[in-house]
Amino acid sequence: MNWRSVRAAVALGLALATLSAAAESLDLTYCITCHGADGNGNPAIRAPKIAGMEPWYIKRQLDAFAAGTRGVSPADTAGHEMQPVAVRLKEAGITDRAIAFVGTFDAKAPVATVTGDATRGKTLYVACAACHGAKGEGNASLSAPALAERSDWYLVTQLKNYASGVRGSDPTDAPSAQMRAVAQSLTDNAAIDDVVAYINTLH
Amino acid sequence: MTTPVSRRGFLHMVGAMGGSTAVYQAALGMGLVPAVAKADRPDIAALGPRRGKKVVILGAGISGLTAAYELSRKGYQVQILEASHRAGGRNMTLRSGDIIDESGYPQVCRFDKDPDLYFNAGPARIPGHHTALLGYCKELGVQLTPFINDNRNAWVQDDAMFGGKPIRNREYITDTRGFVAELLAKSLKPEQMLAPFTRADYTQLLDYVRQFGELDATFKYRGSARAGYMTHDYTSPEKLKQPMDPVEMMRSGFVNLMSFGEAEDQSAMMMEPVGGMDRVVAGFMAKVGSLVKTHAQVHSIKVRDGGVDVTWKQGEKLQTLQADYCLTCIPMHLLAGVENNFPREYSDGFTQVPRGKLFKIGLQMKERFWEREAIYGGISWTMQDIMQIWYPSHGIHRQKGVVLGAYTFSDDAGEKFSRMTPPERIKLAIAQGEKIHPGYASYVENGVSISWHRMNHMLGCAAQWSEPLWERWFKRLQAPVGNHYLIGDQVSFHPGWQEGAIHSAFHAIADIDKRVRVETPQLVAS
């Protein structure tokens, strides 16, 4: 058996595996294995709170993961844990069902973990408010999700991902590219902590 | 850096995977464990027939099964809730048709149906001093067979030495020892020896050095039979191999691994259950299987006065169970996502201990080609990502065998493989194995990969404790909150070993027994 046939055999094995494991792995309760009870997040494994997230936003992110425009960078370890899951949801045609499932979750206010200067953050938040709203309530027409009552550590990670280009580098994803430009205007990690500390005061 | 194993990485590995003696000694120094050699199986007082205490155990890993077995046979009413489709936790043996429930990349094992064609994806070896586990093997009828761990005939391969050409483990060990012994003999002077060393001791020391490196009468290393002969003709004079260049050998990261097989937990005599490590799980399940509910995912844990309430989901159905005691072997990093009313000074610990990211590959080989290379069992080491190739100790001289094609210890290597699709992982493991065994690819029939930190309902390998974390968190996490106890190898000084898991259960159930005897003596059978 040469390499190519080994690969073919392995690929065939995987295809069979995908079929017979389907019943097992399409179980949507897997969402809460990582994202915690009622999808309220688990910082220990870097799985953000998804409860209370807007369905349109979840869809856009699941599509981005499935398309490989998100979660494929080697620098985005946590994102890649989601990426193949989104591919499987899409392949199984149950992305919408998953989103509806998340909609059944009982959202709880997350525990604040980020310590920053909320007063300074308030000044910096002006740049965010234009799209995400003065109260972090989000604006679907601008493709801007709500920021209030999200996992704060996750907001910090994503701001850093945007700033470094791990996220928002795909030219076909205009809202993310726009977000990247804004994240780059936050000059350092302290500024990121400050603005997230302010977001923590929004409800 | 050319080697995947740093000194720090090695020390971590020794702590987490290998002989935890060093870690254990450090713990002794910190006063965390009593200086008693061995904790026996606790002698739990049997409860009377009228009303047993109700115990819910979260997770059917080895610690959960141990606690269930010990408590249920002493009259406790036990229920185990297991989130996944199977019992055993990380004790997992893969055979034909088995599901590998990895988040995003589910696989099915395609090995031939054959009693020798299996892969121990989690624990794979039992040292002779793991008396609690061995005791259960005996009691539960789990048949054991010797496991070959250290094999001097196996290969060592590193791109940093000899242009990447593999050499025999015995050559590396013997020739480097010869080199070091010769250096030492040259530099040792009698006048350097201080009391209590005497002149006679000096001579004895030189003898030790000569013996250590097998030096000749003039304290020169000129090769040794320990490194193997050039030919094995047996009817003509035997010729020693020429010593290899020590400079090249010293450049290899293998210096950090060469003593692996000498660690307390890695040296002979090692054993494995006949037919796969999960025979241990099967042994426990024969006793307590009726108490286990699978696909039962814990939603919340609420500690209350005199008990614990657990809400769990089977499918969409949410159910609540009220127990007198709750033992949890859910990995801490998952427990952090379960709704609870634990005090923050306790639950904050769940997010503090990093989860292990160990990764393994198993390859079914159509022919046991390694046996033609005089390798029977044991480990070849490489400084490539795959790090190790293990040859099965069982099924010797049969046609096929399942080889361990990768076993990584570092987070980086684990992540690198985990980012790939399962077929890509197998392809990389084959390409790297090729450097150790030319023609390797031609033997591979199929393979499985296990990324422990992506396995559903586990999402991590052994907890990666370190000294500051032991000191800050261990006692707190080991101690109960009300009637809730955290168990599992994660709450032992032997993470990554079943023996640690069993002892964590012993620790918790001994405490429960003590409390029951004091608080409700009327329940104890007279």
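Values in this document were obtained by computation on a predicted structure and should not be read as measured data.

The next subject is the overall build of chain A. Within chain A one finds 10 helices and 0 strands. Along its sequence from the N terminus, chain A presents helices and strands in the succession α-α-α-α-α-α-α-α-α-α. Residue burial in chain A is summarised as follows: out of 203 residues, 43% are buried. Contacts in chain A between residues far apart in sequence, at least 24 positions, make up 62% of those at least 6 positions apart.

In this section: the overall build of chain B. Scanning chain B for helices and strands turns up 14 helices and 25 strands. Computed over C-alpha atoms, the radius of gyration of chain B comes to 26 Å, within 12% of the 24 Å expected from 2.2 N^0.38 for 526 residues, which places it in the range of a compact globule. Across the 526 residues that make up chain B, the buried fraction comes to 51%. A separation of at least 24 residues holds for 72% of the contacts in chain B among residues at least 6 apart in sequence.

For the peptide bond that leads from B:Ala268 to B:Met269, omega is 10°, which places it in the cis range. Positive phi, close to 60°, is recorded for A:Ser143, a residue that is not glycine. Residue placement: A:Ser143 occurs in the loop between helix 7 (118–132) and helix 8 (152–164). Looking at A:Ser143, the number of C-beta atoms within 10 Å reads 17, which means it is partly exposed. Of note, the phi angle at B:Ala374 is positive, near 65°, even though the residue is not glycine. Relative to the helices and strands, B:Ala374 is located in the loop between strand 19 (359–365) and strand 20 (378–382).

With that settled, the discussion passes to the pairing of strand 13 (residues 297–304) of chain B. For a regular strand, the rule is simple: side chains alternate between the two faces of the sheet. All names here are of chain B. Direction of pairing for strand 13 relative to strand 14 (residues 307–314): antiparallel, over a ladder of 7 bridges. From the neighbouring strand, Gln 297 faces strand 14, where its bridge partner is Lys 313. Where strand 13 folds back on strand 14, the antiparallel hairpin that results is connected by 2 residues, among which Gly 306 adopts a positive phi of roughly 70°.

A few words now on the sheet that holds strand 16 (residues 325–328) of chain B. All names here are of chain B. Strand order in the open sheet made by the 5 strands is 12-2-1-16-25, with parallel pairing throughout. Strand pairing shows two members of the sheet lacking a second neighbour, strand 12 (292–293) and strand 25 (484–486), which therefore form its edges. As judged from the 2 bridges shared by strand 2 (residues 77–81) and strand 12, these two strands associate in the parallel manner. From the neighbouring strand, Ile 80 faces strand 12, where its bridge partner is Val 292.

As a further point, take helix 8 (residues 279–288) of chain B. Of the residues making up helix 8 of chain B, those classed as buried are B:Val280, B:Val281, B:Gly283, B:Phe284, B:Met285 and B:Val288. Here the buried face of helix 8 of chain B lies against helix 3 (62–72), helix 4 (131–139), strand 11 (270–273) and strand 12 of chain B.

The subject of this paragraph is the environment of B:Ser492. All names here are of chain B. The residue Ser 492 is located in the loop between strand 25 and helix 14 (498–519) in this model. Given 27 C-beta atoms within 10 Å, Ser 492 falls into the buried group. On a C-alpha basis, the gap between Ser 492 and Arg 168 in space is 36 Å, while along the polypeptide they are 324 residues apart. Other than its neighbours up to four places away in sequence, Ser 492 contacts Gly 500, Ala 501, His 503 and Ser 504.

With respect to topology, 4 strands assemble into an open sheet ordered 15-14-13-17 (chain B), the strand pairing being mixed. With partners counted over all chains shown, the strands left at the sheet margins are strand 15 (317–323) and strand 17 (339–340) of chain B, one partner each.

The next subject is the confidence of the model for chain A. Averaged over every residue, the pLDDT of chain A is 88; residues scoring 70 or more account for 87%. Throughout residues 6–25 of chain A the model reports pLDDT below 50, and contacts reaching past four residues in sequence, or to other chains, amount to 34 contacts.

So, on to helix 5 (residues 77–91) of chain A. Relative to the 21 Å expected for 15 residues at 1.5 Å per residue, helix 5 of chain A spans 22 Å between its end C-alpha atoms, a close match to the ideal helical length. Turning to helix 5 of chain A, its buried residues number three or more, namely A:Gly79, A:His80, A:Glu81, A:Met82, A:Gln83, A:Pro84, A:Val85, A:Ala86, A:Arg88 and A:Leu89.

Residue and element names in this part refer to chain B. Per-chain confidence: chain B averages 92 in pLDDT, with 92% of residues scoring 70 or above. With pLDDT under 50 throughout, residues 1–24 is counted as low confidence; its partners more than four residues away or in other chains account for 50 contacts. Here residues 33–37 is modelled with pLDDT under 50, and outside its nearest four sequence neighbours on either side it reaches 4 contacts, counting other chains as well. As scored by the predictor, the complex reaches a pTM of 0.90 and an ipTM of 0.84.

Attention now goes to the packing of helix 7 of chain A against helix 10 (residues 189–199) of chain A. All names here are of chain A. The N-to-C vectors of helix 7 and helix 10 enclose an angle of 90°; their axes lie 7 Å apart at closest approach. Compared by their axis directions, helix 7 and helix 10 come out roughly perpendicular. Contact residues: Ala 118, Arg 120, Gly 121, Lys 122, Leu 124, Tyr 125 and Cys 128 in helix 7; Ala 191, Asp 194, Val 195, Ala 197 and Tyr 198 in helix 10. Class assignment for the residues of the contact of helix 7 with helix 10 results in 8 nonpolar, 1 polar and 3 charged.

Attention now goes to the packing of helix 4 (residues 55–67) of chain A against helix 6 (residues 95–103) of chain A. Residues and elements named next belong to chain A. Contact pair helix 4 / helix 6: the axes reach a minimum separation of 10 Å and the direction vectors enclose 140°. When the axes of helix 4 and helix 6 are compared, the pair comes out oblique. Considering how the two elements wind past one another, helix 4 and helix 6 form a crossing that is right-handed. Between helix 4 and helix 6, the residues in contact are Pro 55, Ile 58, Lys 59 and Leu 62 and Thr 95, Ile 99, Val 102 and Gly 103, respectively.

Further remarks concern the pairing of strand 20 of chain B. Residue and element names in this part refer to chain B. Taking burial as the measure, the 5 residues of strand 20 include 5 buried ones, the bulk of the element. Sheet analysis places strand 9 (residues 155–157) next to strand 20, joined by 2 bridges and oriented parallel. The residue bridging Val 156 from the neighbouring strand is Trp 381, located in strand 20. Here strand 20 pairs with strand 21 (residues 388–391) via 4 bridges, running antiparallel. Residue pairing in the sheet places Ser 380 in a bridge with Ile 389 of strand 21. Between strand 20 and strand 21, which follow one another and run antiparallel, lie 5 residues, and Met 387 among them has a positive phi close to 65°.

Quick look at the environment of B:Thr382 now. Residue and element names in this part refer to chain B. Mapped onto the elements of the fold, Thr 382 is located in strand 20. Take Thr 382: there are 25 C-beta atoms within 10 Å of it, and that puts it in the buried class. Sequence separation between Thr 382 and Trp 155 is 227 residues, and the spatial gap between their C-alpha atoms is 8.0 Å. Excluding its chain neighbours within four sequence positions, the residues that come into contact with Thr 382 are Gln 157, Asp 158, Met 387, Gln 432, Lys 435 and Ile 436.

Residues and elements named next belong to chain B. Of note, Gly 414 is situated in helix 11 (residues 411–419). C-alpha separation for the pair Gly 414 and Glu 102, spaced 312 residues apart in sequence, amounts to 14 Å. Excluding its chain neighbours within four sequence positions, the residues that come into contact with Gly 414 are Lys 357, Leu 358, Phe 359, Thr 408, Ser 451 and His 453.

The rules behind each value
- Residues numbered from 1 in each chain as written.
- Chains lettered and ligands numbered in written order.
- Predicted model: local features only at pLDDT ≥ 70, side-chain atom pairs only at ≥ 80, totals over all residues.
- Helix = DSSP H or I, 4+ residues; strand = E, 2+ residues; numbered from the N terminus.
- Buried ≥ 20, exposed ≤ 12 C-beta atoms within 10 Å, placed from the backbone.
- Contact = placed C-beta atoms within 7 Å.
- Rg over C-alpha atoms; globule rule 2.2 N^0.38 Å.
- Pairing = 2+ DSSP bridges.
- pLDDT = per-residue confidence, 0-100.
- Expected span 1.5 Å × (residues − 1).
- Axes fitted to C-alpha atoms, helices over the stretch in contact; angles between N-to-C directions.
- Parallel < 35°, antiparallel > 145°, perpendicular 65-115°, else oblique.
- Nonpolar A, V, L, I, M, F, W, Y, C, P; charged D, E, K, R; others polar.
- Left-handed = near helix turned anticlockwise from the far one by under 90°.

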